[in-house]
Amino acid sequence: MDLLYKNQKYLSILLGDLGILFITLFVKKYLQNSELILLFGSILFIINTLRIWFEQQLKKLLNFMIRYRYLITLILFILLVFCRINGSSIGVFDTIYGKENGNVISEIFGKGRIIRSDEYRVQIPYFFSQIYNNFGLDSHMMSLSGQNMIIGYNSPVLDLTLIGKPDLWGYILFGNEVGLSWYWNFRIIAFLLVGYEMFMILTRNKYLSAFASVCLVFSPALQWWFAPHMYQVFFWASTLFVVGYYFFISHSIWKKVLFTVLSISALVGFVVSIFPSLQVSLGLLMLVLMICCLIRDRKELNWKNIDFLRVAIVVVIAGGILGKFLIESKTAIQLLNSTVYPGKRISTGGNYPIANLFSDPAMMLTPFQTPKASNECEISCFNHLGMLFILYYPYLWYVIKKKCGSTFIGNSLFIILLIEMFFMLIGFPAWLSKITLFSYMNRMVLVYGFTALLFTFWSIQMVWEYRKYLRKSIALMIGVVYICLYIAVYKNYGLNFYSGRISSLIYFLIPLILGTFSILLFTRWRKLFFPVFGSWIILTGMFVNPIVIGAESVKNHALVSEALKINYEFPGEKWLCLNTSFTQNLLLANGITVLNAVNFYPDYGKWDLIDPEHIQEDYYNRYLHMLIELTSDPTSFSLNSPDAATIYLNPQDLKKWQVHFLTANINSNTKELLDQYGIRYDILYIDQASNEEILKIDY
């Protein structure tokens, strides 16, 4: 037995070292600005190798870190924020507008990703603009009639809803640069802690829970969709599960008080996330799981009459905060819900490929290479073994029930997964989708992946607990079926994403490797699975976002400096940015009023002036990126995508909007059209980096 244990230990260390070595060399070769990986990889390699001689000491260190995790992560959080570390893709602005001060280094690892435009082109400008708006609920910096800034990606607003948005406190307390670092580090660290507690409730295994938490937070789904909405919905749904469970289970007075306060924060945070396509499904999932866990642990319940008062406090305070928000934001919510996009989308399912039931093998490549079709975000998902344990669960359930074990959680997750699979592959009639609220669930592949991740780690724990009663032959048979299915469904699915030999290898090797090592979970060699799966997690999720210092990439541009000088001389004047979908948002981030920055719902104060009859309302009644070009023809619209339109604006309409400053491409016909309509202008600045000029116009 000792020899067997040593062999397993040495093999585990060897696999870990090989994984670290491969990842280090692979990242260094294919990821831009990745020199730091040599340092990180070397440290990890040494630590892993030291397990040969210091296994027990390293285990004690891990136990120490788990025990004092809140203090350790608090210190880490303070250090990271003090150093202004974040993971934003604002570095993309440097590639477009150059650097005014070329000596400023912001990206210390990795590069900003163009595909993350929702983050650097929409969220950052909205968040940063709020300091110039005194963190008010409504802002006129991007519209004439105003935009609700909570609807606008949950921007920092100084009101009672802040109790449910601790990730934004840094903006209010310390300003934009520190606020950005606070936002990124709080989200990652807080979710690691919440994820650990969630998996501890499900599995009661601290080592497995720590590993599962890392798998969750650094999944491609959450890293590619880190900002703004999707990540926070998963976070608050998980937090509600944890807080709700301990709300009923806790015995000591101080814990009862703590989880009463946290319940208020979690409820408010979850509701104001405002992303129904995930909120409905995740809210129901976590509610069912919480009830199942409470039934399983009903002997630990210590409910007293005073606890009814706690429930009342949560309902009254959270209800009051949310009620106030809903009243103040009623008009904005109605406008958002009545938009053509995204407000009127109805999902009935049935349009997902069967490959979505497995983790996409291509996720190993997305941090390093852009796919030919679709994009990195859309093909990202959670790393899980959902289908393996769905196939295995009937047998596992039989064994657990035979030994009088609890299957409340497993049954619930299994049934929920079957329902999600049915919706994805077959679909619901429209009437059934509306009744069940599945009509909101246009992101079911993410919800399924999250559910499958929970089911994976619950099943791993159950397999190990009942290992003495499980037949290895059945596990082997199911494992082989799983591998064959995995390879079969991706045989043709991914050919449009990555072409050539690499595509064939990826879609064959990854299912084979993950499937083969997952079979080891059913044996005493299960520990060999974790370095392999851990390497997969690191490779697919930990290199998505860059490591950035500060927020210089938002302001370190000559174009911005000149625009700010002009805005200081003419404060509050309205700007319009022509021939671009980037400059307007960059200027907004620096406190300049730009009327064609992104709008989350229609700015009728603007559109009524040029389309009083609402003839072209379908073009602008939506979440909208606006590309504006001047034309000698009457003003018209063209839809580029569900969330973007080109507005061909007649120069005479500039006066209707009271625009006094323009940015325009040097090579456009902007000046000729202004001359044609007798509009006087002065060229204030020409930017060589972006090939744009700033014009001051007079009517």
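Numbering of residues starts from 1 in each chain and follows the order in which that chain's sequence is written. In view of the model being predicted, local features appear only for residues whose pLDDT reaches at least 70, and side-chain atom pairs are presented and counted only at 80 or more, with totals across whole chains, interfaces and linings using the full set of residues. Water and hydrogen atoms were dropped before computing side-chain values, which therefore reflect all heavy atoms in the structure.

Enquirer: Any chance you could explain the side chain of D687 here in plain terms?
Expert: Going along the chain from the N terminus, every DSSP run of H or I of four or more residues is numbered as a helix, and every run of E of two or more is numbered as a strand. You can see D687 is positioned in strand β11 (residues 680-687). Relative accessible area decides the class of each residue, using a 1.4 Å probe on protein chains only: under 20% of the type maximum gives buried, over 50% gives exposed, and in between gives partly exposed. This count recognises Lys and Arg as positive and Asp and Glu as negative, with His and chain-terminal groups excluded. Any Lys or Arg side-chain nitrogen found within 4 Å of a carboxyl oxygen on Asp or Glu counts as a salt bridge. Comment: no salt bridge for buried D687; closest opposite-charge side chain is K565, at 11 Å. With sequence-adjacent residues up to four places away left out, D687 is seen in contact with A558, L559, I666 and E692. Here a residue-residue contact requires only that any non-hydrogen atoms of the pair lie within 4.5 Å.

Enquirer: Help me understand the environment of M626, please; the structure alone is not making it clear to me.
Expert: Considering the arrangement of structural elements, one finds M626 in strand β7 (residues 625-630). Taking the C-alpha atoms as reference points, M626 and V659, 33 residues apart in sequence, are found 16 Å from one another. Non-local contacts of M626, meaning those with residues more than four positions away in its chain, are made with T580, Q584, L595, N596, A597, N599, K606, W607, A645 and I647.

Enquirer: What should I look at first to understand a nonpolar patch on the surface in this one?
Expert: A grouping of L61, F64, M65, Y68, L71, I72, L74, I75, I78 and L79 is seen on the molecular surface, where their side chains present a nonpolar patch of about 910 Å² in accessible area. Breaking the nonpolar patch down by element, the ones donating at least two residues are α3 (51-67) and α4 (69-82). For the nonpolar patch, the element with the most residues is α4, which contributes six residues. Along the polypeptide, L79 turns up in helix α4. Patch rule: a residue counts if its relative accessible area is over 30% and it has no salt bridge; like charges are joined within 9 Å, and nonpolar side chains (Val, Leu, Ile, Met, Phe, Trp, Tyr) within 5 Å. Only the protein chains shown count as cover for residues, and all accessible areas are computed by the Shrake-Rupley method using a 1.4 Å probe.

Enquirer: Got a minute to help me understand the pattern of salt bridges in this structure?
Expert: Pairing is possible between side chains that carry opposite charge, provided their charged atoms lie close to one another. Across all of its chains, the model carries 18 salt bridges by this definition. Put simply, R69 and E197 hold a salt bridge, and the shortest N to O gap is 2.5 Å. Taken together, the residues R69 in helix α4 and E197 in helix α8 (residues 176-203) connect sequence positions 128 residues apart. Exposure class is identical for R69 and E197. Each is buried.

Enquirer: How do you make sense of the sheet that holds strand β10 (residues 659-665) when you look at a structure like this?
Expert: Through backbone hydrogen bonds, the strands of a sheet pair up, either in parallel or in antiparallel fashion. Strand order in the open sheet made by the four strands is β6-β10-β12-β11, with mixed pairing throughout. One side of each edge strand has no neighbouring strand; the edge strands of this open sheet are β6 (574-577) and β11. Recorded for the sheet is a direction-independent mean angle of 20° between the axes of neighbouring strands. In short, DSSP must find at least two bridges between two strands for them to pair. Two strands pair when backbone bridges link them, and β10 and strand β12 (residues 692-698) are joined in this way by five bridges, in the antiparallel orientation. The convention used is that axes are lines fitted to C-alpha atoms, helices contributing only their stretch in contact, and that angles between N-to-C directions extend from 0 to 180 degrees.

Enquirer: Mind showing me how you'd approach the packing of helix α11 (residues 229-249) against helix α12 (residues 253-271) here?
Expert: Axes are the key here: two packed helices are described by the angle between their axes and the distance separating the axes. Their axes nearest at 9 Å, the elements α11 and α12 cross at an angle of 155°. The angle between α11 and α12 falls in the class roughly antiparallel. Between α11 and α12 the crossing geometry is left-handed. Between α11, through V233, W236, A237, T239, L240, V243, Y246 and F247, and α12, the contact on the second element is made entirely by F259, T260, L262, S263, S265, A266, L267, G269 and F270. Residue classes in the contact of α11 with α12 are distributed as 12 nonpolar, five polar and no charged. Throughout this description, any angle smaller than 35 degrees is read as roughly parallel, any larger than 145 degrees as roughly antiparallel, any in the 65 to 115 degree range as roughly perpendicular, and the remainder as oblique. Should the near helix be turned counterclockwise from the far one by less than a right angle, the crossing is left-handed, whereas a clockwise turn marks it as right-handed. Any residue outside Ala, Val, Leu, Ile, Met, Phe, Trp, Tyr, Cys, Pro, Asp, Glu, Lys and Arg is labelled polar, Gly included; the first ten of those are nonpolar and the last four are charged.

Enquirer: Even after reading the chapter, I still don't get the sheet that holds strand β8 (residues 636-641), so can you show me in this structure?
Expert: Strand order in the open sheet formed by three strands is β7-β9-β8, with mixed pairing between adjacent strands. Strands with a single pairing partner mark the edges of an open sheet, and in this sheet they are β7 and β8. Going across the sheet, the axis of each strand differs from the next one's by a mean of 20°, ignoring polarity.

Enquirer: What exactly am I supposed to notice about helix α6 (residues 117-129) here?
Expert: Counting along an α-helix, one turn takes 3.6 residues, and residues three or four places apart therefore face a common direction. The span expected for a helix works out to 1.5 Å for each residue beyond the first. Here α6 contains 13 residues, and its C-alpha end-to-end distance of 17 Å stays within 8% of the 18 Å for a straight helix at 1.5 Å per residue. Extensive coverage of α6 is indicated by the burial of 12 of its 13 residues.

Enquirer: Where do I start with empty space enclosed by the protein in this structure?
Expert: In this approach, a probe sized like a water molecule rolls over the atoms, and the result shows the empty space that is left. The definitions used throughout rest on a 1 Å grid laid over the protein atoms alone, on which a cavity is an enclosed set of points accommodating a 1.4 Å probe that cannot get out and a pocket is an open set flanked by protein within 12 Å on both sides along at least five of seven lines; lining residues are those having an atom within 4 Å of a point. Grid points are joined across faces, edges and corners, and a volume is the space filled by probe spheres set on the points. Enumeration over the complete set of coordinates arrives at three cavities of 30 Å³ or more. By volume, the largest cavity is sized at about 120 Å³. Looking at the lining of the largest cavity, the elements with two or more residues in it are α8 and α11. The element best represented in the lining of the largest cavity is α11, accounting for four residues. Looking at side-chain class alone, the lining of the largest cavity contains eight nonpolar, five polar and three charged residues. Its volume calculated, the second largest cavity comes out at about 40 Å³. Class assignment of the residues belonging to the lining of the second largest cavity gives a composition of five nonpolar, no polar and three charged.

Enquirer: Before we go on, may I ask you to explain unusual backbone geometry in this structure?
Expert: Both trends apply: most residues other than glycine have a negative phi, and most peptide bonds are in trans. Residue Y341 is joined to P342 through a cis peptide bond whose omega torsion reads 5°. Note on placement: P342 falls in the loop between α15 (330-337) and α16 (386-402). Notably, R204 is not glycine yet its phi reads approximately 60°, a positive angle. Position of R204 relative to the elements: it lies in the loop between α8 and α9 (206-217). On the accessibility criterion, R204 (48% relative accessible area) is partly exposed. A positive phi is found at I274, a non-glycine position, where the angle reads about 50°. Here I274 lies in the loop between α12 and α13 (276-296). Assessed through its relative accessible area of 21%, I274 is described here as partly exposed.

Enquirer: I'm lost on α4 in this one. Help?
Expert: Between its first and last C-alpha atoms α4 spans 20 Å; for 14 residues at 1.5 Å apiece the expected length is 20 Å, and the two agree. Where α4 is concerned, the buried positions are R69, T73, F77 and V81. Projected down its long axis, α4 carries its buried residues within an arc of 85°, all on one side. Pointing more than 90 degrees away from the buried face of α4 are the exposed residues L71 and F82. R84 sits one or two residues past α4 and shows a positive phi near 60°. Regarding the arc, it is the one traced by the directions from the helix axis to the C-beta atoms.

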